[in-house]
Amino acid sequence: MMEFIIQTQQRDELQEITSLVQSAVSQSRVREGIVVVQSPHTTLAITANEHVDADVARDLIGHLKDLVPQKSTFRHRENNSDSHIKVSLVGPSLSLIVRDGQICLGTWQGIFACEFDGPRQRRIWVEVVGRY
Amino acid sequence: MMEFIIQTQQRDELQEITSLVQSAVSQSRVREGIVVVQSPHTTLAITANEHVDADVARDLIGHLKDLVPQKSTFRHRENNSDSHIKVSLVGPSLSLIVRDGQICLGTWQGIFACEFDGPRQRRIWVEVVGRY
Amino acid sequence: MMEFIIQTQQRDELQEITSLVQSAVSQSRVREGIVVVQSPHTTLAITANEHVDADVARDLIGHLKDLVPQKSTFRHRENNSDSHIKVSLVGPSLSLIVRDGQICLGTWQGIFACEFDGPRQRRIWVEVVGRY
């Protein structure tokens, strides 16, 4: 298992981590298999989505705020229930395919850490299984 | 593949299954790898989220009810389309990392079965792949 | 890694791909392990849900349109931000368990490609890891 650290800048933010995940995959020396990217945090999710036009990430963040607002009626006292809920909607981990030592991604796909309660320093965990 | 059984008590409920999943991981004897926790049901999802303050699970359940109500305009006749929709939003399975024979989880993370059409007896499937 | 091609017919559509994924699993000769089904597209998601009553898929598609409409206020200029957002909610990939060479699925479960910006020709990637 490999870990890397990122620093987020906003409360809600998508930060691309594709090259960091690729570094971990390369380090594992697995040629054909599966990579799991996991957030060990309960207010940070992982997804893959378009990484060419940054407006896609902005629209995603913005619409998630509409779907899950910071309601005063939530019971959890830290006032970040919205952040936790978004993580279970987007997902705390992501599985992708590895081929010839490279993460398999479509032309427009990048891997993103989805910060929902930043700015914070965050850990990302990566594990790769398969054939060497 | 290992299976365990849980009994849910409410129509909508998050039930923590971390120790049951850890038992399956220990039984597999895999030391370093990946665990997949899968729901074989179409109205039960799997997620990881905060397990210390139970209000987080309550807020998640409550807000999902707001986002996906039991609408009379749904066409599926069993009157549980909301349950099915919530499963595809939260996810029918979850992949996590295993290190030194232990599920890798952050300080606040627990694994939850998300019941959306209970109370029912439910099966949970676990598979582990990696190095022994 | 195996790839297959599907043709979708609507802008929003769930197309069942269970038998195609099973073919890839059989071809891999893995008997016990994990299969990852991945969309290389940023407007196509993967899920497992009920495949017996097609109204479940219709209700899912319809309700996702309500939750994430094609808003004119989105910034991404291709007018398909709703499609991208739905992918991060449903998920760009899905992990399932393989046992005795078969995908483990519950009685009511099928695997679906979730088209959110069709009709298009789409690729689906499948990788299997485990014991032969």
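In this convention, every chain numbers its residues from 1, walking through the sequence in written order. Chain A is the first chain written and ligand 1 is the first ligand written, with later ones labelled in order. At least 70 in pLDDT is required for a residue's local features to be given in this predicted model, at least 80 for side-chain atom pairs to be given and counted, and no such filter applies to totals for whole chains, interfaces and linings, which use all residues. As a rule here, side-chain values cover all heavy atoms of the structure and leave hydrogens and water aside.

1. Regarding the pattern of salt bridges
Rules: Whenever a carboxyl oxygen of Asp or Glu lies within 4 Å of a side-chain nitrogen of Lys or Arg, that contact is scored as a salt bridge. To qualify as a helix, a DSSP run of H or I must reach at least 4 residues; to qualify as a strand, a run of E must reach at least 2; elements of each kind are numbered from the N terminus.
Within the structure shown, the criterion is met by 39 salt bridges over all chains. Close ionic contact of A:D55 with A:R58 constitutes a salt bridge, the shortest N to O distance being 2.5 Å. Taken together, the residues A:D55 and A:R58, both in helix α2 (residues 54–67) and 3 residues apart, mark about one turn of the helix. Residues A:R131 and C:E127 are paired through a salt bridge, measuring 3.4 Å at the closest nitrogen-oxygen approach.

2. Things to note about the interface of chain C and chain B
The cut-off we apply is this: Working rule for contacts: check all heavy atoms of both residues, and any pair within 4.5 Å makes them a contact. When two components associate, each loses some accessible surface as probed by a 1.4 Å sphere; the sum of these losses over both components is called the buried area. Pairing of N or O atoms within 3.5 Å defines a polar contact, subject to two protein rules: one partner must be a possible hydrogen donor and the other a possible acceptor, and residues neighboring in sequence count only if both atoms are side-chain atoms. Residues are grouped as follows: Ala, Val, Leu, Ile, Met, Phe, Trp, Tyr, Cys and Pro are nonpolar; Asp, Glu, Lys and Arg are charged; all remaining types, including Gly, are polar.
With 34 residues of chain C at the contact, the number on the chain B side is 30 residues. Of the roughly 2,700 Å² buried at the junction of chain C and chain B (both faces included), carbon and sulfur atoms supply 57%. It is C:D59, C:H63 and C:I97 in chain C that bury the most area against chain B; as a group they hold 23% of the surface buried on that side. Scanning the region where chain C abuts chain B turns up 3 salt bridges. Between C:D66 and B:K71 there is a salt bridge; the shortest N-O distance is 3.1 Å. In this assembly, chain C and chain B are joined by 18 residue pairs in polar contact (both at pLDDT 80 or more). Sorting the residues of the side of chain C that touches chain B by element identifies β3 (32–38), β4 (44–50), α2 (54–67), α3 (81–90), β5 (93–99) and β8 (121–131) of chain C as the ones contributing at least two each. At 9 residues, the largest contribution of residues to the side of chain C that touches chain B is made by α2(C). Its residues placed into classes, the side of chain C that touches chain B shows 16 nonpolar, 9 polar and 9 charged.

3. Quick word on the packing of α2(A) against α3(C)
How we decide: Between N-to-C directions, angles span 0 to 180 degrees; the directions come from axes that are lines fitted to C-alpha atoms, helices contributing only their stretch in contact. Here the angle decides the label: under 35 degrees means roughly parallel, over 145 means roughly antiparallel, 65 to 115 means roughly perpendicular, and every other value means oblique. In a left-handed crossing the near helix is turned counterclockwise from the far helix by less than a right angle, and in a right-handed crossing that turn is clockwise.
Relative orientation of the contacting elements α2(A) and α3(C) amounts to 70°, with a least axis distance of 9 Å. Classified by the angle between their axes, α2(A) and α3(C) sit roughly perpendicular to one another. In this structure, α2(A) crosses over α3(C), and the sense of that crossing is right-handed. Residue-level inspection shows A:V56, A:D59, A:L60, A:H63, A:L64 and A:L67 of α2(A) in contact with α3(C), the latter providing C:S81, C:H84, C:I85, C:S88 and C:L89. In terms of residue class, the contact of α2(A) with α3(C) is made up of 6 nonpolar, 4 polar and 1 charged.

4. Side note on the relation of the copies chain C and chain B
Stated formally: Superposing copies: least-squares fit, C-alpha atoms only, residues required to have pLDDT of at least 70 in both.
Relative to chain B, chain C is turned by 120° and slid 0.0 Å along the rotation axis, the superposed coordinates differing by an RMSD of 0.0 Å. Seen this way, the second copy is the image of the first under a three-fold rotation axis. Among all C-alpha atoms of chain C, that of C:L89 lies closest to the rotation axis, at 3.2 Å. The residues that chain C uses at the interface reappear at the interface of chain B in only 15% of cases, marking distinct surfaces.

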